[in-house]
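# Architecture at a glance
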Amino acid sequence: VFYLGAYPMLIIGLVLLIRGRGRAEMSHLIDAAIVATGLGLLFWVFVLQPILADSSAPWLDRAISAAYPTADVWLLALLARLYTDAGRRNASTRMLGLATLLLLAADVGYSLMTLNWEADTRPLDGLFLLSYVVWAAAGLHPSMAADADEAVPQRHQPVGMVRLAVFGACSLVAPVMLFVPGVGDDTADRLAVGCGAIALFLLVIARMAGFMRRVQRQSGELELLAMRDDLTGLANRRQFELALRRALGAGRPQIALLGLNGFKNVNDELGRPIGDRVLGLLAGRIVNAAGDGALVARIGGDEFAVLLADADAESARLMAVELAGALRAPVQTGGHELLVGVGIGLAGGTGSDAVELMRQGEAAMY
């Protein structure tokens, strides 16, 4: 009673420890489920099912002998969840793993020795006692207390080769069991192997689907970073040129290139932080003056560009007038009233490629 009474406390302790680490990601839960399912299938075929099928032993003996490895399966499942969070691995979690493995070895040895060989189980007491010592050491180690105050680790950590090998081995447990002599002869074993194979197959599919979604999301984020200016949030030169090429193939685009005059003096005299704020404020003015449907980009340090995908020269001229008026007003920032001039060059029409059109716009701007 006292031995079995320790398991609920150990399980509750691990649950509280896992809950204290923050919200679990679905990928971590699936990884833990793969490990728990594979190990649970091994426990059933080689430990639990032989114990329960032994009709020669009293039912109470069988129930007690099966209770130990059953509780160990729960401990291993929780430990797998703890270890899938690679960023939280420290001395205390390693000792928790060692304590669970020692307890597992002692329990399995106890169950098999009492039912199969009727041997003296007192030598196993050393494993039980050593396991409890390691449990206590894990709880008392400074890393256990410090872990609660640490920040949540960085998400989406890479899967190492060791973890990948563990997941692969657990996924192959079900088909490999079919090659073990005697496993296919028992109906309960065949049913367990079949259900385990289905569960592992579905878990692996779910894990791969999550991995594909993450790759697609990261690809989109990287594409967004590659096409955006970090300071202003506008499109960068690469995105502007791609949009201009598409516009040349579909219509008669017009572009306006803007170069700020005197902006270098702002950086030199007031510092780069003030200059960055000026660029951000002017970028907002350009977006408002360009209107809807126009693509605004920062193509250089103090140069901007506006693209009208399908417009005539008169529309571009009117837009340039709006831009000049918007940029003429002083910029209020950092306790300063700053006047920044602007040169605007227009180019457009068909018959030119994007590079030539940009060259014409820059020549007109200067």
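Read on for a plain summary of the structure. Computed from a predicted model, the values in this text were never measured in an experiment.

Reading the values: the criteria
- Within every chain, residues take consecutive numbers counted from 1 along the sequence as written.
- Only residues with pLDDT of 70 or above have their local features reported here, since the model is predicted, and side-chain atom pairs are shown and tallied only from 80 upward, although totals for entire chains, interfaces and linings are computed over all residues.
- Each side-chain value is derived from all of the structure's non-hydrogen atoms; neither hydrogens nor water enter the calculation.
- Strands are runs of DSSP state E lasting at least two residues, helices are runs of H or I lasting at least four, and both sets are numbered from the N terminus onward.
- Here the expected span of a helix is defined as 1.5 Å times the quantity of residues minus one.
- Any two residues having at least one pair of non-hydrogen atoms within 4.5 Å are treated as being in contact.
- What qualifies as a polar contact is a pair of N or O atoms within 3.5 Å, subject to a donor-acceptor requirement within protein and to the restriction that residues adjacent in sequence count only when both atoms come from side chains.
- The aromatic pairing rule takes the rings of Phe, Tyr and Trp, using the six-membered ring of Trp, and pairs them if the centres are within 6.5 Å, calling planes under 30 degrees apart stacked, those over 60 edge-to-face and the rest tilted.
- Comment: axis = line fitted to C-alpha atoms, over the contacting stretch for helices; angle = value between 0 and 180 degrees taken between N-to-C directions.
- When an angle is under 35 degrees it counts as roughly parallel; over 145 it counts as roughly antiparallel; between 65 and 115 it counts as roughly perpendicular; any other value is oblique.
- Left-handed is the label given to a crossing in which the near helix is rotated counterclockwise from the far helix by less than a right angle, and right-handed is the label when the rotation is clockwise.
- Polar here means any residue outside two lists: the nonpolar Ala, Val, Leu, Ile, Met, Phe, Trp, Tyr, Cys and Pro, and the charged Asp, Glu, Lys and Arg; Gly therefore counts as polar.
- Whether a residue is buried, partly exposed or exposed follows from its accessible area with a 1.4 Å probe, protein chains only, as a fraction of its type maximum: under 20%, in between, or over 50%, in that order.
- The arc in question is the one spanned by the directions pointing from the helix axis to the C-beta atoms.

Secondary-structure assignment places Thr 70 in helix H3 (residues 59-83). The sequence separation of Thr 70 and Gly 40 amounts to 30 residues, and the corresponding C-alpha distance is 8.6 Å.

Moving on to helix H10 (residues 237-250). In this model H10 runs 20 Å from its N-terminal to its C-terminal C-alpha over 14 residues, within 8% of the 20 Å that 1.5 Å per residue would give. Those residues of H10 that are buried are in contact with strand S1 (254-261), strand S2 (294-298), strand S3 (303-308) and helix H14 (354-365). For H10, the N-terminal cap is Asn 236; the gap from its side-chain oxygen to the backbone nitrogen of Arg 238 is 3.3 Å.

Per the counting criterion, the structure on display carries two aromatic pairs. Considering the side-chain rings of Tyr 3 and Phe 128, the 5.3 Å spacing of their centres and the 50 degrees angle between planes classify their relative orientation as tilted. Residue Tyr 3 is found in helix H1 (residues 2-19), and its partner Phe 128 is found in helix H5 (residues 125-140); the two are separated by 125 residues along the sequence. Members of the aromatic cluster, joined through ring pairs, are Tyr 3, Phe 128 and Tyr 132.

Moving on: the packing of helix H2 (residues 26-53) against H3. Between H2 and H3, the shortest axis-to-axis distance is 8 Å and the interhelical angle comes to 165 degrees. Classed by the angle they form, the pair H2 and H3 counts as roughly antiparallel. Taken as a pair, H2 and H3 cross one another with a handedness that is right-handed. In this structure, H2 uses His 28, Leu 29, Ala 32, Val 35, Ala 36, Leu 39, Gly 40, Phe 43, Val 47, Leu 48, Ile 51 and Leu 52 to contact H3, whose residues at the interface are Arg 62, Ser 65, Ala 66, Pro 69, Thr 70, Asp 72, Val 73, Leu 76, Ala 77, Ala 80 and Arg 81. Its residues assigned to classes, the contact of H2 with H3 shows 16 nonpolar, four polar and three charged.

Moving on: helix H11 (residues 263-270). The α-helix winds at 3.6 residues per turn, so residues separated by three or four positions along the chain end up facing the same way. Those residues of H11 that fall on the buried side of the exposure criterion are Phe 263, Val 266 and Asn 267. An end-on view of H11 places all buried positions within 95 degrees of arc, on one side of the element. In H11, the exposed positions angled more than 90 degrees off the buried face are occupied by Lys 264, Asp 268 and Glu 269. The secondary structure elements touched by the buried residues of H11 are S1, helix H12 (272-290) and strand S5 (336-338). Phi turns positive one or two residues past the end of H11, at Gly 271, with a value near 100 degrees.

Don't take any of this as a statement about function, it's just geometry.
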